[in-house]
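# Residue-level structure breakdown
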Amino acid sequence: MIHQMENKSAEAPVIVVDRLRVVRGGREVLHDLSLEIPRGSIVGLLGPSGAGKSTLIRAIVGAQITQGGTVTVAGHAAGSAPVRALVGYVTQAPSIYPDLTVRENVAYFASLVDAPPETVTHTIHAVGLADQTDQLAGTLSGGQLTRASLAAALVGRPEVLILDEPTVGLDPAIRNELWALLRRFAHAGTTILVSSHVMDEAVRCDRLVFIRDGKILADGTLAHILASTGTDDAEAAFLALATRRAS
Ligand SMILES: Nc1ncnc2c1ncn2[C@@H]1O[C@H](COP(=O)(O)OP(=O)(O)OP(=O)(O)O)[C@@H](O)[C@H]1O
């Protein structure tokens, strides 16, 4: 599977959002939004509260009714059956079962996507939970729980991994470990989209996409965004973009 992914072009965008329009509660919240995300990159999705980040993620995972435009993942329409197996989504609320062990949880998620049984052990080891394999998920520490949720999302070897503030509340050493892990998966071809308010997470991404009022206000590397906002750190750039007067 990994081998197959490496054979595909590194340049081909795996997520393509084209002129997406979404109306929620009678109000247009995404306005003709277009975005392409290349395979194997880690992209940070930033923006103030209510900007439309979750709505965009819902559209990519196929859980959002849309009023215009298209969203494709690896060439398939978002929401179509093939895309469900291609996308792993880790929300902030742990999605694993506290009364099952780490192995039982990961095996359950593997069964949902017909992943071969040997990937269960491999994935648990990859996220650094070998010693907790037979521990009940409900007794894991916060960092271990996050890694168990990641394992559940990764066991189907998704092409796209979407993470909502993955390292919030974790200590710096565990944050580092998790980012090293994400980097390894990105190197193997997984495309990672991280939605975050936390600048410590943002600065580790290859590229940042800043959304405000349902539009993309900035899209580029951190260096590019610092230069275009005339700021010298991510927090200041975020504030500059969040408060910039609409043109
Ligand atoms: N179920 C809903 N009904 C009506 N409006 C909604 C609904 N869900 C979201 N919205 C509106 O859509 C807009 C975008 O919301 P969204 O949740 O995508 O923002 P966000 O950038 O993820 O915000 P946050 O960082 O606070 O999670 C907001 O104005 C929000 O109030």
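Here the structure is a predicted model, which means the values were calculated and not measured.

## Considerations on the packing of aromatic side chains
Counted according to the given criterion, the structure contains 3 aromatic pairs. Ring plane angle 80° and centroid distance 5.7 Å describe the contact between tyrosine 97 and tyrosine 108, whose orientation is recorded as edge-to-face. Of this pair, tyrosine 97 sits in the loop between β6 (87–90) and α4 (102–112) while tyrosine 108 sits in helix α4, and the two are 11 residues apart along the sequence. The class for tyrosine 97 is partly exposed, based on a relative accessible area of 37%. On the basis of an interplanar angle of 75° and a centroid distance of 5.3 Å, the ring pair of tyrosine 108 and phenylalanine 109 is categorised as edge-to-face. For tyrosine 108, a relative accessible area of 33% puts it in the partly exposed group. Residue classification places phenylalanine 109 among the buried positions, given a relative accessible area of 17%. Each member of the aromatic cluster is reached from another via a ring pair, and the members are Tyr97, Tyr108 and Phe109.

## Quick notes on the UniProt feature "domain: ABC transporter" (unreviewed entry) in the protein
Here the UniProt-annotated "domain: ABC transporter" (unreviewed entry) positions come out as residues 14–238. From the first C-alpha to the last, residues 14–238 spans 26 Å; its make-up is 36% helix and 28% strand.

## What about the site of the ligand?
Surveying the vicinity of the ligand reveals 13 residues, the closest of which are Arg27, Ser49, Gly50, Ser54 and Thr55. For the ligand, a nitrogen atom lies 3.3 Å from a polar atom in the side chain of arginine 24. Taking lysine 53, its side chain carries an N or O atom lying 2.8 Å from an oxygen atom of the ligand. Protein contacts shield 61% of the accessible area of the ligand, which totals 640 Å² for the unbound molecule. Taken together, the elements giving at least two residues each to the shell around the ligand come down to β2 (27–38) and α2 (53–61).

## Overview of the sheet that holds strand β8 (residues 191–195)
The strand order across the open sheet built from 6 strands is β6-β7-β8-β3-β9-β10, with neighbouring strands paired in mixed fashion. In the strand order of this sheet, the two ends are held by β6 and β10 (215–220), each with one partner. Across this sheet, the average inter-strand angle for adjacent strands is 15°, counted without regard to direction. Where strand β3 (residues 42–46) and strand β9 (residues 207–212) come together, 4 bridges link them in parallel fashion. Opposite glycine 44, over in β9, you have leucine 208 as the bridge partner. Here helix α9 (residues 222–229) sits on the sheet and contacts β9 and β10; the angle it forms with β10, its principal contact strand, is near 115°.

Here is what the cut-offs are and how they apply
Residues numbered from 1 in each chain as written. Predicted model: local features only at pLDDT ≥ 70, side-chain atom pairs only at ≥ 80, totals over all residues. Heavy atoms only, no water. Phe/Tyr/Trp six-rings, centres within 6.5 Å; stacked < 30°, edge-to-face > 60°. Helix = DSSP H or I, 4+ residues; strand = E, 2+ residues; numbered from the N terminus. Buried < 20%, exposed > 50% of the residue type's maximum accessible area, 1.4 Å probe, protein only. UniProt positions renumbered as here; feature names shortened; annotations may be inferred. Near = heavy atom within 4 Å. Polar contact = N/O pair within 3.5 Å; in protein donor to acceptor, adjacent residues only side chain to side chain. Areas by Shrake-Rupley, 256 points an atom, 1.4 Å probe, with all protein chains shown as cover. Pairing = 2+ DSSP bridges. Axes fitted to C-alpha atoms, helices over the stretch in contact; angles between N-to-C directions. Contact = heavy atoms within 4.5 Å.

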